[in-house]
Amino acid sequence: VRAGRTPGVGLLFLAVGVGVRVVSHSTRAARLVAASFAALPRHAGEPELCYRIEAHGARGFLIHRAGVSLAATDDGDLLYRLEGDLVVALQRRRRELFFVHAAALAWRGRACMLAAPSGAGKSTLAWALVRHGHRYLSDELCPIDLASGCIEPYPHALCLKSLPPAATPPLPPATVRTTRTLHVPIQIHAATAPVPLAAIFFVAYRPQRPGPSLRPLSRAEAGARLYANTLNALAHPAMGLDAAIDIAARCRCYALESADLAATVALLRSVLERDGASGG
Amino acid sequence: MYSKRRDDLVVRAVDDERLVLDPRNGEIHQLNTTAAQIWDMCDGHTSEQAMARRLAEDYGIELAAAVCDVRALLERFEDLALLETGG
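Position labels on residues start from 1 in each chain and follow its written sequence. Chain letters start at A and ligand numbers start at 1, both assigned in the order the entries are written. Where totals are concerned, whole chains, interfaces and linings use all residues; where local detail is concerned, this predicted model gives features only for residues with pLDDT of at least 70, and gives and counts side-chain atom pairs only at 80 or more. With hydrogens and water set aside, each side-chain value is computed from the structure's full complement of heavy atoms.

Thoughts on the nonpolar core
All names here are of chain A.
Part 1 of the argument: Among the nonpolar cores identified, the biggest contains 39 residues, and Met-113, Ile-151 and Ile-200 are the most heavily contacted of them.
Part 2 of the argument: Broken down by element, the residue count for this core peaks at six residues, all from helix H5 (residues 241-250).
Part 3 of the argument: To form a nonpolar core, buried Ala, Val, Leu, Ile, Met, Phe, Trp, Tyr and Cys residues must be joined to one another through side-chain atoms within 4.5 Å. The buried label applies to any residue whose accessible area, calculated with a 1.4 Å probe on protein chains only, is under 20% of its type's maximum; exposed applies above 50%, and partly exposed to all values in between. Grouped together as the second largest cluster of nonpolar side chains are 31 residues, Val-22, Ala-72, Val-87 and Val-176 included. Secondary structure is summarised from DSSP: a helix means a run of H or I of at least four residues, a strand means a run of E of at least two, and numbering begins at the N terminus for each.

Structure below.
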């Protein structure tokens, strides 16, 4: 510890099977990092990825890894940049996995994926499903094992851009609020092992609609939509297209137009129950 | 005119549809059954007239309508730069 620097607080965890250490020389950063990664399993061995964070200026931070430094303007930016770098690094170290930008939840031992662009309400819907008994795998990153068809958990704190609707159960007291986001710890609801993927919902938020609607997708449309949400397509043969088609062919795939949150959750649950009963 | 698919595209048949991935820009295109049928005939040897005749026979539509449908689809493929130029 250098003179004048806050002593480092270390956190060592496993993210998608990769050991990660984050040492924070800032009390605020340490609290944010601990809250964000509290649900990921602890790691005992040597980490492959080592981050160091220090305060920078009045509100900013510097994130250091492997000789490269990233500047974050404030606490919200810190988590955004840290996660961004971590997600790219995980893709490089687990190239055999098929990474999809999506939320994922497990119910009755099967996973469903919610794929949508940022801002379409994936995390809010994921939060509502967690409150209805689903296990939390991730709200942002779905690493799929192509051999087993399972999603590996990445249960970082669920990240909301705004408060969920009033009808939703309240956020837990441990929720961390930054300048841009709310980070909801999901520790006790997090899945701890890979879960087979059974359904994919491609979500579009349509608040003006009177209610949510669902449309089954052909294998081709599902494959195309899945491909569009893939993060590491180039790491796979045929630019990842075969993998996307294969994944889509193994599950039930739907276009979900979400509206009122409670009605959307009810619709999604009824479909999962029906498909589960029919073995789909 | 004889239209020909670009050789560098990644194309997969999924049921009776096609997925076409353009490696130049990462865009993916989903072709429905009819579009897939025309796409498969973009081999550089099948004329637009022949494509239209095939479509008219398969779907029981007027040849004139089939000609319009084929032309519209080929123009769409051209707009998306999925065909070889100068074909």
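Remarks on the layout of surface pockets
All names here are of chain A.
Part 1 of the argument: Empty space within the largest pocket amounts to approximately 930 Å³.
Part 2 of the argument: Here a cavity denotes a set of grid points, spaced 1 Å apart and computed over the protein atoms alone, in which a 1.4 Å probe fits but from which it cannot get out, and a pocket denotes an open set meeting protein on both sides within 12 Å along at least five of seven lines; residues with an atom within 4 Å of a point are reported as lining. Lining the largest pocket are 39 residues, with Gly-119, Ser-123, Glu-140, Cys-159 and Lys-161 positioned closest to its centre.
Part 3 of the argument: Of all the secondary-structure elements, those providing two or more residues to the lining of the largest pocket are helix H2 (75-93), helix H3 (122-131), strand S11 (158-160) and strand S14 (195-205).
Part 4 of the argument: Among the elements that make up the lining of the largest pocket, the one with the highest residue count is H2 (nine residues).
Part 5 of the argument: Along the lines of polarity and charge, the residues of the lining of the largest pocket split into 17 nonpolar, 14 polar and eight charged.
Part 6 of the argument: Grid points are joined across faces, edges and corners, and a volume is the space filled by probe spheres set on the points. Its volume calculated, the second largest pocket comes out at about 210 Å³. Under the scheme applied, nonpolar residues are Ala, Val, Leu, Ile, Met, Phe, Trp, Tyr, Cys and Pro; charged residues are Asp, Glu, Lys and Arg; polar residues are all the others, including Gly.

Looking at the pairing of strand S7 (residues 110-115) of chain A
Residue and element names in this part refer to chain A.
Part 1 of the argument: Of all the six residues making up S7, five are buried; the element is thus mostly covered by neighbouring parts of the structure.
Part 2 of the argument: Note: strand S6 (residues 97-107) against S7, six bridges, orientation antiparallel. Within the sheet, the bridge partner assigned to Ala-103 lies in S7 and is Leu-114.
Part 3 of the argument: Pairing between strands is defined by DSSP: at least two bridges between them are needed. Between the end of S6 and the start of S7, which pair antiparallel, lie two residues, with Arg-108 showing a positive phi angle near 50 degrees.

What about helix H4 (residues 219-228) of chain A?
Part 1 of the argument: Of all the ten residues making up H4(A), seven are buried; the element is thus mostly covered by neighbouring parts of the structure.
Part 2 of the argument: Every buried residue belonging to H4(A) is among Ala220(A), Glu221(A), Ala222(A), Gly223(A), Ala224(A), Leu226(A) and Tyr227(A), and all of these are buried.

Observations regarding the pattern of salt bridges
Part 1 of the argument: Think of a salt bridge as a Lys or Arg side-chain nitrogen and an Asp or Glu carboxyl oxygen that are within 4 Å of each other. Considering all chains together, one arrives at 28 salt bridges over all chains under this definition.
Part 2 of the argument: A salt bridge links Arg252(A) to Asp275(A); the shortest N-O distance between them is 2.9 Å. Placement of the pair is Arg252(A) in strand S16 (residues 252-258) and Asp275(A) in helix H6 (residues 261-277), with a sequence separation of 23 residues.
Part 3 of the argument: The shortest N-O distance in the salt bridge between Lys4(B) and Asp7(B) comes to 3.1 Å.
Part 4 of the argument: Given the relative accessible area of 28%, Lys4(B) is considered partly exposed.

Description of the packing of helix H1 (residues 33-40) of chain B against helix H3 (residues 63-79) of chain B
Residues and elements named next belong to chain B.
Part 1 of the argument: The interhelical angle for the contact between H1 and H3, taken along N-to-C directions, is 75 degrees, at an axis separation of 11 Å. Taken together, the axes of H1 and H3 lie roughly perpendicular to each other. Together, Thr-34, Ala-35, Ile-38 and Trp-39 of H1 and Val-70, Leu-73, Leu-74 and Phe-77 of H3 make up the contact between the two elements.
Part 2 of the argument: For the contact of H1 with H3, the class distribution of residues is seven nonpolar, one polar and no charged. Every angle, taken between N-to-C directions, lies between 0 and 180 degrees, and every axis is a line fitted to C-alpha atoms, over only the stretch in contact when it is a helix. Note that the term roughly parallel is reserved for angles under 35 degrees, roughly antiparallel for angles over 145, roughly perpendicular for angles of 65 to 115, and oblique for everything else. Whether two residues are in contact is decided by their heavy atoms, any of which lying within 4.5 Å being enough.

Observations concerning the sheet that holds S11(A)
Residue and element names in this part refer to chain A.
Part 1 of the argument: With antiparallel pairing, three strands are arranged side by side in an open sheet as S11-S13-S12. Each of the sheet's edge strands pairs with one partner strand only, and the pair in question is S11 and strand S12 (176-177).
Part 2 of the argument: Across two bridges, the pairing between S12 and strand S13 (residues 182-184) is antiparallel. Its bridge partner lying in S13, Val-176 is registered against His-183.

Topic: the interface of chain B and chain A
Part 1 of the argument: Each side of the interface is counted separately: chain B has eleven residues, and chain A has twelve residues.
Part 2 of the argument: Accessible area, probed at 1.4 Å, shrinks when two parts are joined; the buried area is that loss added up over both. Together chain B and chain A conceal approximately 1,100 Å² of surface at their shared face, both sides included; 72% is due to carbon and sulfur atoms.
Part 3 of the argument: Remark: the boundary between chain B and chain A carries two salt bridges.
Part 4 of the argument: Here Asp15(B) makes a salt bridge to Arg219(A), at a shortest N to O gap of 3.0 Å.
Part 5 of the argument: Pairs of N or O atoms are called polar contacts if they sit within 3.5 Å, as long as, within protein, a hydrogen donor faces a hydrogen acceptor (for residues adjacent in sequence, only side-chain-to-side-chain pairs). At the junction of chain B with chain A, the criterion picks out three residue pairs in polar contact (both at pLDDT 80 or more).
Part 6 of the argument: Sorting the residues of the side of chain B that touches chain A by element identifies strand S2 (10-14), strand S3 (17-21) and strand S4 (28-31) of chain B as the ones contributing at least two each.

What about the confidence of the model for chain B?
Part 1 of the argument: pLDDT is defined as a per-residue confidence score from the predictor, taking values between 0 and 100. The predicted model of chain B averages 95 in pLDDT, with 98% of residues at 70 or higher.
Part 2 of the argument: Scored as a complex, the prediction yields pTM 0.92 and ipTM 0.91.

Let's talk about the sheet that holds S3(B)
Residues and elements named next belong to chain B.
Part 1 of the argument: With antiparallel pairing, the three strands of this open sheet are ordered in space as S2-S3-S4. Each edge of the sheet is formed by a strand with only one pairing partner; in this case those strands are S2 and S4. The mean angle between the axes of side-by-side strands here comes to 15 degrees, regardless of whether they run parallel or antiparallel.
Part 2 of the argument: Here five bridges tie S2 to S3, and the two strands are oriented antiparallel to one another. Bridge pairing in S3 places Val-14 opposite Glu-17.
Part 3 of the argument: This element, H1, spans S2, S3 and S4 of the sheet and lies at about 65 degrees to S3.

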